[in-house]
Structures are given as structure tokens and as C-alpha cells.
Amino acid sequence: MKFLNKMERRFGRYAITGLMKYLIICYVIGYVLEFAAPDMLNYLTLEPYLIFHNLQIWRLISWVLIPPSSSNIIFVVIMLVLYYQLGTALERTWGAFRFNLYIFGGIIFTILGALLLYVIYGVNTPVSIGGSFSTYYINMTIFLAFAVCYPDTRVMLYFIIPIKMKWMAVVYAVLIAYSFVVTGSWSGRVAIIASVLNFLIFFAATRNLKTVSPKEFKRRQDFKKKVNQSSQSRVKSTAGAIHKCAICGRTELDDPNLQFRYCSKCNGNYEYCQDHLFTHKHVE
């Protein structure tokens, strides 16, 4: 948290306000290319071999234009509206700098994952892996992030079924795990790992982990024990007492010089010590 706060104070002025709007524009451009000139997408994919051997440097960024695949225009519109709303809400919650950090973190992790595969496969091996990298899983982690921040917010599934975001997040997490298992290539798995890793690292960095540390857990347990012991000793101290003040709880066992009287103006049998007999509020 301290590190992020320092980063925000130093670089916060460079954050892009309304970043989700620009991402949606990128998706729209990608969908237009997909329907109008699908062959153009082959020049936008994240292909490390072509980046280093053919100097196609633009591929480090242009792959962001490749949208999640879908042939249903209605679903596309609904998805764009949904993720715009979720992203905008997260930016309002976190601030522009942290939302920028979350989105660009997912992009950077994806690029690093692709470069790692490039090294593993062999830098001189022309393996095509760019088709597995898109913003699909980054979008899914936007949904997960919103669900973590607003778990009890309700959405209308298929515009009919009300369901809380936390349950939708569980469904999304299962879908991500299922995709990881059934995907036929390591490039697809790396894309999933990169997005989920960014999600986990970001939330670990923005949470106070001291509250879940073993030391803090032991401190809370010791505090509860002391409170229970204090309550038990208080009960024992009043056991066998004849008089007890309704205000401070003291008895003749606490101080044998204390005097106790019943109040005739209180509705009920309330007994008070000498310090509270004339200062208490009458029970009506």
C-alpha cells in the first residue's frame, strides 16, 4: 500500500482518465476489422518471432485491438456496454492511476508470458502463438475485480434473473479454470495465467495483509481470552453479594464501606450505591 501510494503521488498525474472508453474504442475497431477485413488481424497478433526477426514492433501493442471472438452482434453490444460500466465503476472506486495500473499490468504480464513462450520454444523456431492472446481474459479479470469490490451488487442475468456479483464471479472463475484445462495450447494457458496473476498480485498489493498474518491472528485470540477472563472474574466477584449498584455494578464485596439504597422513583427494584443514588436517571 505504501509503495502504491508513493507511485500514485509521483506518477498519478500521468494516468489516463476514462481508460475504459479507449479500450472499448479499440474493441470496436477490432470488430470492424474482423467483419470487414479479417485478414488484417493476422498483422496485429502478438507474435514474438515476427517481432524479433521481422522487426514488426507494432505487434507489442496492436494485439490489444483483437477483441474477444463472437459472431453475435447483439452479444457484442451487450458485452461492450457491460465492461464499459464495470471498468468505469472500478476507475471511480480506485482512481484513474490504480485502474490504469491494473489494466496495463494485465497487458504487460500477457506480453511477458508470450516472450517467455518464445524463449521456451526456441528463439529461432517460427512457432505461431499470437492467436491465443487477446484481451478476453483481461476483461474477465475486470469482472472479477468488480465482484471483489461490490460482491452484493445485483445484475440481471439475461435481463431476467437477478444474481449477485459474487456468484457471477464464482461462475467466471470456474469458466477460467475450465478454459485452462481444456485449452489445447500452452499459449492459451499462458494468457490465462498472465491475467489471473495480475489480478492476484494487484489485490495482494492493495490489501493490508497484516490483518491476516499469523501474528495478528494470535493477537486477536489473546485479546478475546483476556476479555473472557475479565468477564468471568467479574461474575465471580459479584457471586454471593447482597447489594449491587444498577449503574456501576459494584457490590459490598468491592468496598465494605459502600452504602446502597433502593430508589422509590424508579419503576422497579433498582438499587444504587451512594455515588449514583442521586445522580442516576430514573427508570420509567
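Just so we're clear, the structure is a prediction, and the values are computed from it rather than from any experiment.

A.B. asks: Explanation requested: the side chain of threonine 45 in the structure shown.
C.D. replies: Position of threonine 45 among the secondary structure elements: in the loop between helix H2 (19–36) and helix H3 (48–53). In this structure threonine 45 comes out as buried when scored by relative accessible area, which is 11%. Here the side chain of threonine 45 touches arginine 59 through a polar contact of 2.9 Å, side chain to side chain. Filtering out sequence-adjacent residues up to four positions away, threonine 45 remains in contact with Arg59, Trp63, Ile66 and Gly130.

A.B. asks: How should a nonpolar patch on the surface be read in this particular structure?
C.D. replies: Together, Ile16, Tyr22, Ile25, Ile29, Phe104, Ile108 and Leu112 make up an exposed nonpolar region whose accessible area comes to about 620 Å². Looking at the secondary structure, you find isoleucine 108 in helix H6 (residues 96–121). Judged by relative accessible area, isoleucine 108 falls into the partly exposed class, the value being 48%.

A.B. asks: What is the right way to look at the packing of helix H5 (residues 73–94) against helix H7 (residues 136–149) in this model?
C.D. replies: Packing of H5 against H7 brings their axes to within 10 Å, and their N-to-C directions diverge by 50°. Considering their axes alone, H5 and H7 lie oblique with respect to each other. The element H5 and its partner H7 pack so that their crossing is left-handed. Each of Tyr83, Leu86, Gly87, Ala89, Leu90 and Trp94 in H5 lies in contact with H7, whose residues at this interface are Asn139, Met140, Ile142, Phe143, Ala145, Phe146 and Cys149.

A.B. asks: I'm lost on the packing of aromatic side chains in this one. Help?
C.D. replies: The relation between two aromatic rings is expressed through the spacing of the ring centres and the mutual angle of the planes. Under the criterion given, the structure shown has three aromatic pairs. Geometrically, the ring pair formed by tryptophan 94 and tyrosine 102 is edge-to-face, given 5.4 Å between the ring centres and 70° between the ring planes. By relative accessible area, tryptophan 94 is classed as buried at 14%. A relative accessible area of 1% places tyrosine 102 in the buried class. On the numbers, 5.0 Å between centres and 40° between planes, the contact of phenylalanine 146 with tyrosine 150 is tilted. By relative accessible area, which is 9% here, phenylalanine 146 ends up buried. Note on tyrosine 150: relative accessible area 31%, which makes it partly exposed.

A.B. asks: What am I meant to see in the pattern of salt bridges here?
C.D. replies: When the charged atoms of two side chains lie near each other, side chains of opposite charge can form a pair. Taken as a whole, this structure holds four salt bridges when the rule is applied. The residue aspartate 152 makes a salt bridge to lysine 164 at a minimum N-O spacing of 3.8 Å. Pair noted here: aspartate 152 is in the loop between H7 and strand E1 (154–157) and lysine 164 is in strand E2 (residues 161–164), with a separation of 12 residues, a long-range link. When the shortest N-O distance is used, the salt bridge between arginine 250 and aspartate 275 registers 2.7 Å. Of this pair, arginine 250 sits in the loop between helix H10 (214–238) and strand E3 (260–262) while aspartate 275 is found in the segment after strand E4 (271–273), placing the two residues 25 residues apart along the sequence. The partly exposed category is assigned to aspartate 275, whose relative accessible area is 43%. Each of the salt bridges in this network shares a partner with another, and the network as a whole consists of Asp152, Lys164 and Lys166.

A.B. asks: How should the nonpolar core be read in this particular structure?
C.D. replies: Across soluble globular proteins, you tend to see nonpolar side chains buried next to one another. Counting 48 residues, the largest nonpolar core has Tyr83, Trp94, Tyr102, Ile103, Phe133 and Ile142 as the members making the most contacts within it. Counting residues per element, this core draws most heavily on H7, at nine residues. Ignoring any residue separated from it by four or fewer positions in sequence, one finds isoleucine 142 in contact with Met20, Tyr83, Leu86, Gly87, Leu90, Tyr102 and Ile103. Among the nonpolar cores identified, the runner-up in size contains eight residues, and Leu258, Phe260, Cys263 and Cys273 belong to it.

About the criteria used
- Residues numbered from 1 in each chain as written.
- Predicted model: local features only at pLDDT ≥ 70, side-chain atom pairs only at ≥ 80, totals over all residues.
- Heavy atoms only, no water.
- Helix = DSSP H or I, 4+ residues; strand = E, 2+ residues; numbered from the N terminus.
- Buried < 20%, exposed > 50% of the residue type's maximum accessible area, 1.4 Å probe, protein only.
- Polar contact = N/O pair within 3.5 Å; in protein donor to acceptor, adjacent residues only side chain to side chain.
- Contact = heavy atoms within 4.5 Å.
- Patch = residues over 30% accessible without salt bridge, like charges linked within 9 Å, V, L, I, M, F, W, Y side chains within 5 Å.
- Areas by Shrake-Rupley, 256 points an atom, 1.4 Å probe, with all protein chains shown as cover.
- Salt bridge = Lys/Arg side-chain N within 4 Å of Asp/Glu carboxyl O.
- Axes fitted to C-alpha atoms, helices over the stretch in contact; angles between N-to-C directions.
- Parallel < 35°, antiparallel > 145°, perpendicular 65-115°, else oblique.
- Left-handed = near helix turned anticlockwise from the far one by under 90°.
- Phe/Tyr/Trp six-rings, centres within 6.5 Å; stacked < 30°, edge-to-face > 60°.
- Core = buried A, V, L, I, M, F, W, Y, C linked by side-chain atoms within 4.5 Å.

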